Amino acid sequence: MFSERLSENSATSFLCFFPRTNSLHASQRFCIDVISLYDICILPIVTPPRELPPVILAMKETYRVWLTLYRDFPKVERFGIGNKIEQSFLECLELTFCLSYLSLEQKIPFLNKAITRLDVVKFFTQLCWEQKLISHEKYADLLQRLEEIGRQLGGWKKGLQTKTLTQTSERK
């Protein structure tokens with residue numbers, strides 16, 4: 001009786017009271033359901049994202065460079081100072097990204113925070129270099145990229161300050 005119940009389609013259900021379907025049947029059924037869902041629904045047309053400011057593109061590229069360095073850190077340093085740099089870098093990226101959507105009056109405080117976060121990244125990166133966690137060449141490359149981002153953020157801030165000064169002087 002047991003051997004009659006066991007067939008090639010019920011390899012996972014070998015006892016008499018279990019159903020005669022197995023995971024193969026379930027996966028085939030799921031695939032049919034998913035395919036039929038795709039036939040029914042019409043996907044909306046998604047517009048491409050707007051072009052990001054050059055400073056964000058530079059930050060993204062610098063973050064990629066940082067990630068390659070971060071992965072080579074010893075475990076203790078990776079979860080200590082490496083994590084601190086990682087979080088500060090991500091916060092700086094987030095603040096800079098949000099800047100592109102804010103009004104003119106709201107941008108300057110966020111820009112100050114982003115510049116401060118970038119300075120924190122520079123400081124802790126220097127500590128990593130002093131502890132010989134980052135080689136001299138890689139540190140020089142990373143520092144050059146961070147300095148360029150700092151110049152771009154500073155220029156953005158200066159441009160916003162002159163723009164707000166001209167707008168306030170025009171209102172008077």
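Residues numbered from 1 in each chain as written. Predicted model: local features only at pLDDT ≥ 70, side-chain atom pairs only at ≥ 80, totals over all residues. Heavy atoms only, no water.

In this fold, L160 is placed in helix α7 (residues 136-171). When sequence neighbours within four positions are dropped, the list of residues in contact with L160 reads L104, K107, I108 and L111. (Helix = DSSP H or I, 4+ residues; strand = E, 2+ residues; numbered from the N terminus. Contact = heavy atoms within 4.5 Å.)

Turning our attention to the confidence of the model for the protein chain. In regions of low pLDDT, the predicted coordinates are not meant to be interpreted in detail. Model confidence for the protein chain is summarised by a mean pLDDT of 80, while 71% of its residues fall at 70 or above. In this model, residues 30-41 is a region of pLDDT below 50 whose contacts with residues beyond four sequence positions or in other chains number 0 contacts. (pLDDT = per-residue confidence, 0-100.)

A few words now on α7. For α7, which comprises 36 residues, the first-to-last C-alpha distance of 52 Å matches the rise-based estimate of 52 Å (1.5 Å per residue) to within 8%. In this structure, the buried residues of α7 make contact with α3 (54-70), α5 (81-99) and α6 (104-130). (Expected span 1.5 Å × (residues − 1).)

Within this structure, the stated rule accounts for 7 aromatic pairs. Measuring from ring centre to ring centre gives 5.6 Å for W66 and F73, while their planes differ by 90 degrees; the resulting arrangement is edge-to-face. Both residues of the pair, W66 and F73, count as buried. For the pair F97 and Y101, a centre-to-centre distance of 5.3 Å together with 65 degrees between the ring planes defines the contact as edge-to-face. Chaining the aromatic ring pairs together yields one cluster made of W66, Y70 and F73. Above the face of the F110 ring, K113 is positioned so that its terminal group lies 5.4 Å from the ring centre. (Phe/Tyr/Trp six-rings, centres within 6.5 Å; stacked < 30°, edge-to-face > 60°. Buried < 20%, exposed > 50% of the residue type's maximum accessible area, 1.4 Å probe, protein only. Lys NZ or Arg CZ within 6 Å of the ring centre and 35° of its normal.)

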